[in-house]
Amino acid sequence: MIDPQTGRHVASLDGFPEAAGVVADSGQVLVTNRGSAELVWLDAATLKEKKAVNTARRPNGVAIVARSNLAVAACIGDEGHGPELQVIDLASNRRWAISLPGRPRWCVPDAAGERIFLAIRDPSMILVARLPDLGDLQHWPLPSPGAHGLDIDRRAGSLYAACDGGALIAVNATNGELRAEWPLAGPPDATFFNPASGLVHVAIEEPGQIQTIDPRTGTTTCFTTAAGAPTTALVPPDHLYVFSPHHRGVLDLVEAPGAPHSGIYKTE
């Protein structure tokens, strides 16, 4: 846990076997644990556990709709259990689930909390479903293999999917129509859209970069981090944290003043 205001390490929490996905909204935090097939609900202010619920095997991507107390867990499955998408009402413990056509990765809800978007690796697509019951199922194929990182520009209605095939794909969040495509320097992982600047940041594990794309101009810039540093956290308006095993810590990258749309960073 890091305080973005002071740049200080606050705490390290134990008891999260093979933690995979972390998401926060309105003072609530969700963590998926692959090793224990569970989802943990934390209070962001106290860092205390509010609830732990079982999920399907190997939960991965996670999303939260705090206003509705909904948690979404995209579970990879194993040899005996296929991949599954689950929605859990954290207040009542009611849940809904559907089988998935392939390995799930990142997921994100729409602005109203009425739909969930999920990246599927193979076949490469964005799966769309209504919340909470996962009805009105749609499959939007992508022109690059290996859909991976996923985020949304809720104001413009655009989804950004970073694909292992080496492309960032923008699609219309209403109907899945292709809007744009940009090349990436390598297979991506964590992907964030910054609503404060309008930039998309994509972490690339090898060779170790943050690639930034401005969807309005197509301008692309890269910042070298370190090999094996694919995990990031965005804190608007201008901080991007890169968790780097090579540095044994966290790189605090800041969108440079005077060039808010350049994608050029300074390190703090």
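Structural data are supplied above this passage.
The structure reproduced in this document is the subject of the present report. (Residues numbered from 1 in each chain as written. Predicted model: local features only at pLDDT ≥ 70, side-chain atom pairs only at ≥ 80, totals over all residues. Heavy atoms only, no water.)

## Re the overall build of the protein chain
Then, in step 1: In terms of helices and strands, the protein chain carries 0 helices and 26 strands.
Then, in step 2: The C-alpha atoms of the protein chain give 18 Å as radius of gyration, which agrees with the globular expectation for 268 residues (18 Å, within 12%).
Then, in step 3: Along the longest, intermediate and shortest principal axes, the C-alpha atoms of the protein chain span 50 × 40 × 35 Å.
Then, in step 4: The 268 residues of the protein chain split such that 51% are buried.
Then, in step 5: Once local pairs closer than 6 in sequence are excluded, the contacts in the protein chain between residues at least 24 apart make up 35%. (Helix = DSSP H or I, 4+ residues; strand = E, 2+ residues; numbered from the N terminus. Rg over C-alpha atoms; globule rule 2.2 N^0.38 Å. Buried < 20%, exposed > 50% of the residue type's maximum accessible area, 1.4 Å probe, protein only. Contact = heavy atoms within 4.5 Å.)

## Points about the environment of L253
Then, in step 1: Tracing the backbone shows L253 in strand β25 (residues 249-255).
Then, in step 2: For L253, a relative accessible area of 0% corresponds to the buried category.
Then, in step 3: Distance in space between the C-alpha atoms of L253 and A71 is 29 Å, their sequence separation being 182 residues.

## Some details on the nonpolar core
Then, in step 1: Within the largest apolar cluster, 19 residues are counted, with the highest numbers of intra-cluster contacts made by V72, L85, I116, L118, L127, L131 and L134.
Then, in step 2: Those elements giving two or more residues to this core turn out to be β7 (59-65), β8 (70-75), β9 (84-89), β10 (95-99), β12 (115-120) and β13 (125-130).
Then, in step 3: Excluding residues within four positions of it along the chain, V72 makes contact with G61, V62, A63, L85, Q86, V87, C107, I116 and L131.
Then, in step 4: Counting 17 residues, the second largest nonpolar core, distinct from the first, contains V128, L159, A167 and A173. (Core = buried A, V, L, I, M, F, W, Y, C linked by side-chain atoms within 4.5 Å.)

## Quick word on the side chain of H148
Then, in step 1: Note on placement: H148 falls in strand β15 (residues 147-153).
Then, in step 2: At 2.9 Å, the side chain of H148 forms a polar contact with the backbone oxygen of P188.
Then, in step 3: Every residue in contact with H148, bar those within four places of it in the chain, is listed here: R105, W106, A119, A162, C163, D164, P188 and D189. (Polar contact = N/O pair within 3.5 Å; in protein donor to acceptor, adjacent residues only side chain to side chain.)

## Considering the sheet that holds strand β16 (residues 158-163)
Then, in step 1: Strands sit in the order β15-β16-β17-β18 across an open sheet of 4 strands; the sheet is antiparallel. Since the sheet does not close on itself, it has two edges, and those belong to β15 and β18 (178-183), each with one partner. Sheet twist, expressed as the average angle between the axes of neighbouring strands with direction ignored, equals 20°.
Then, in step 2: Both β15 and β16 contribute to a ladder of 6 bridges, which runs antiparallel. (Pairing = 2+ DSSP bridges. Axes fitted to C-alpha atoms, helices over the stretch in contact; angles between N-to-C directions.)

## Observations regarding the sheet that holds strand β5 (residues 38-43)
Then, in step 1: On the basis of which strands lie adjacent, the open sheet formed by 4 strands has the order β3-β4-β5-β6 and antiparallel pairing. The sheet terminates laterally at β3 (19-25) and β6 (49-54), the two strands that pair on one side only. Across the sheet, the mean angle separating the axes of adjacent strands is 15° when strand polarity is ignored.
Then, in step 2: Pairing analysis gives 5 bridges linking β5 to β6, with the strands arranged antiparallel. By the bridge assignment, E38 is partnered in β6 with N54.

## Focus: the side chain of Q209
Then, in step 1: Within the fold, Q209 resides in strand β21 (residues 209-213).
Then, in step 2: The residues touching Q209, leaving out its near neighbours within four places in the chain, are A185, V202, A203, I204, C222, F223, T224 and T225.

## Remarks on the pairing of β10
Then, in step 1: Burial along β10 is one-sided: W96 and I98 are buried, and none of R95, A97 and S99, which face the opposite way, are.
Then, in step 2: As judged from the 5 bridges shared by β9 and β10, these two strands associate in the antiparallel manner. Note on β10: the bridge partner recorded for Q86 is A97.
Then, in step 3: Here β9 hands over to β10 after 5 residues, with N93 in that stretch at a positive phi of 70°.

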